[in-house]
Amino acid sequence: SDIRPIFRDVKSKPVAAIVAHTLKLGYHEGAGHHEFFLVLDDEDIKTLYDVIVRARNKSDSLSGLLKEWDLPRLGV
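Residues numbered from 1 in each chain as written. Predicted model: local features only at pLDDT ≥ 70, side-chain atom pairs only at ≥ 80, totals over all residues. Heavy atoms only, no water.

Undergrad: Even after reading the chapter, I still don't get a nonpolar patch on the surface, so can you show me in this structure?
TA: A surface patch of nonpolar side chains, about 310 Å² in accessible area, is lined by Leu25, Tyr27, Phe36 and Leu38. Broken down by secondary-structure element, the contributors of at least two residues to the nonpolar patch are strand E2 (16-29) and strand E3 (32-40). (Patch = residues over 30% accessible without salt bridge, like charges linked within 9 Å, V, L, I, M, F, W, Y side chains within 5 Å. Areas by Shrake-Rupley, 256 points an atom, 1.4 Å probe, with all protein chains shown as cover. Salt bridge = Lys/Arg side-chain N within 4 Å of Asp/Glu carboxyl O. Helix = DSSP H or I, 4+ residues; strand = E, 2+ residues; numbered from the N terminus.)

This is the structure we're talking about:
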């Protein structure tokens, strides 16, 4: 996370600032490893958090079904 100053005139102090968050994502494709970066604002962070919480809740629910059905859960 960074504070990014906003300038009207670069010889003067900033007139405002934004808080920006950088998310680094890495993945494998074929034999190679790649990565890219996303810049997020606070609303993006909230949305990402909400999506992750929902995914965790779904995972817990599905894990309960696997136990009920006596099926092993394999890691991915």
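Undergrad: Which parts of the structure should I look at to understand the pattern of salt bridges?
TA: A side chain with one charge can pair with a side chain of the opposite charge if their charged atoms come near. If you walk through the whole model with that rule in mind, you get four salt bridges. A salt bridge links Lys24 to Glu35, with the nearest nitrogen and oxygen atoms 3.5 Å apart. Placement of the pair is Lys24 in strand E2 and Glu35 in strand E3, with a sequence separation of eleven residues. The shortest N-O distance in the salt bridge between Lys46 and Asp50 comes to 2.8 Å. Residue Lys46 and its partner Asp50 are both found in helix H1 (residues 42-68); the two are separated by four residues, about one turn of the helix.

Undergrad: Got a minute to help me understand a negative patch on the surface in this structure?
TA: A surface patch of like charges, here negative, comprises Asp41, Asp42, Glu43 and Asp44. Its location among the elements puts Glu43 in helix H1. (Lys, Arg positive; Asp, Glu negative; His and termini not counted. Charge placed at Lys NZ, Arg CZ, Asp CG, Glu CD.)

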